Amino acid sequence: MAEGCMMALRYGMVFFNLLFWLGGCGILGVGVWLSVTQGNFATLSSSLPSLSAANLLIAVGTIIMVIGCLGCVGAVKESRPLLLTFFILLLLIFFLEILSIMLFFIYQDEIDHYAQRDLKKGLQLFGTEGNVGLTNAWMIVQTDFRCCGVTNHTDWFEVYNATRVPDSCCLEYSDNCGLDNPGTWWTAPCYERVKDWLNENLVALWIFALCTALTQILGLVFSMTMFCQSVKVETFYA
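Residues numbered from 1 in each chain as written. Predicted model: local features only at pLDDT ≥ 70, side-chain atom pairs only at ≥ 80, totals over all residues. Heavy atoms only, no water.

Draft legend 1. Representation of the pattern of salt bridges. Counted according to the given criterion, the structure contains one salt bridge. For the salt bridge of Lys195 with Asp112, the shortest nitrogen-to-oxygen distance reads 3.1 Å. Taken as a pair, Lys195 in helix 7 (residues 190-200) and Asp112 in helix 4 (residues 108-123) lie far apart in primary sequence, 83 residues in all. Residue Lys195 is classed as partly exposed on the basis of its relative accessible area, which comes to 26%. (Salt bridge = Lys/Arg side-chain N within 4 Å of Asp/Glu carboxyl O. Helix = DSSP H or I, 4+ residues; strand = E, 2+ residues; numbered from the N terminus. Buried < 20%, exposed > 50% of the residue type's maximum accessible area, 1.4 Å probe, protein only.)

Here's what the structure looks like:
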């Protein structure tokens, strides 16, 4: 009976961690592809230039692959040290995620203020040498969200020291259209537009978060159950 339970747990653990590892491979692959083809695409922060979509995906994908590999090898070999390491790492990540969410809601106003200030600071680097990622990111955000600047289109006036905006702020794009009449520019703030988009997709974000949490909880339950069962089996045969 005990051997049957261990066999079922082992197959379940291997299958779970194989999916986990494959998911990490996919995320890592997308991150590498973005890094190669898009450079530092989606780098909007001036204080955290390495915080790009590509780098985040590479980091997350690598962590998931390592944890999935630990769990898979631990299940196949029934190695208690590997199973315990897998459990501790997954539990640590789970608690860090909960802590991050709590801190976000507690300090939401402070985070809003800091983010807007940092983004405005980043505008000064728009179009400068070595900041292709930041420049491309702002062009795409302003075009896709039909907005201009962080809190107002006038944010760009301080960057250019003139009454002008990037061409991506124009209602109808054309070369040097940012020098035209302000009536031909988007005036909505990008920061609020992105926040509105996130609020509109809040249900999808919560579903993703709950699925992620459920996956992690299943991993914790599988690994600890298998760890405890392996101890019992070893004690039984001893």
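Draft legend 2. Structural context of the UniProt feature "transmembrane region" (unreviewed entry) in the protein. In the numbering used here, UniProt assigns the "transmembrane region" (unreviewed entry) feature to residues 12-36, 56-76, 83-107 and 203-222. The span residues 83-107 is 96% helical and 0% strand by assignment, and the distance between its end C-alpha atoms comes to 36 Å. Between the first and last C-alpha atoms of residues 203-222 the distance is 28 Å; the span itself is 100% helix and 0% strand. (UniProt positions renumbered as here; feature names shortened; annotations may be inferred.)

Draft legend 3. Focus on unusual backbone geometry. One non-glycine residue with positive phi stands out, namely Arg146, at about 55°. On the secondary structure map, Arg146 appears in the loop between helix 5 (132-145) and helix 6 (155-160). A positive phi angle, near 60°, is found at Asn176, a position not held by glycine. Residue position: Asn176 is located in the loop between helix 6 and helix 7.

Draft legend 4. Seen up close, the packing of helix 5 against helix 7. It is at 10 Å that the axes of helix 5 and helix 7 come closest, and there the two elements cross at 65°. Note on packing geometry: the crossing formed by helix 5 with helix 7 is left-handed. In this structure, helix 5 contributes Trp138, Val141, Gln142 and Phe145 to the contact, and helix 7 contributes Cys190, Arg193, Val194 and Trp197. Broken down by class, the residue content of the contact of helix 5 with helix 7 amounts to six nonpolar, one polar and one charged. (Axes fitted to C-alpha atoms, helices over the stretch in contact; angles between N-to-C directions. Left-handed = near helix turned anticlockwise from the far one by under 90°. Contact = heavy atoms within 4.5 Å. Nonpolar A, V, L, I, M, F, W, Y, C, P; charged D, E, K, R; others polar.)

Draft legend 5. Inspection of the nonpolar core at higher detail. Ranked by size, the top nonpolar core spans 19 residues in total, and within it Leu123, Trp138, Val150, Trp156 and Val165 carry the most contacts. Of the residues forming this core, the biggest block, three residues, is contributed by helix 5. Core analysis: the second largest hydrophobic core is formed by 13 residues, Phe20, Ile64, Ile67 and Met226 among them. (Core = buried A, V, L, I, M, F, W, Y, C linked by side-chain atoms within 4.5 Å.)

Draft legend 6. Region of interest: the state of the cysteines. Inspection of the entire model under this criterion finds three disulfides. Shown here is the disulfide that connects Cys147 with Cys190, its sulfur atoms set 2.1 Å apart. Sign of the S-S torsion, about 95° for the bond between Cys147 and Cys190, identifies this disulfide as right-handed. One end of the pair, Cys147, is in the loop between helix 5 and helix 6; the other, Cys190, is in helix 7, with 43 residues separating them in the sequence. Assessed through its relative accessible area of 0%, Cys147 is described here as buried. Two residues, Cys148 and Cys169, share a disulfide whose sulfurs are 2.1 Å apart. Between Cys148 and Cys169, the S-S torsion sits near 90°, and that sign places the bridge as right-handed. Of the two residues, Cys148 is situated in the loop between helix 5 and helix 6 and Cys169 in the loop between helix 6 and helix 7; the sequence distance between them amounts to 21 residues. On the basis of relative accessible area, Cys148 is assigned to the buried category, the value being 0%. Should the bonded cysteines of the protein be numbered as they appear in the sequence, the pairing reads 1-6, 2-3, 4-5. (Disulfide = S-S within 2.5 Å.)

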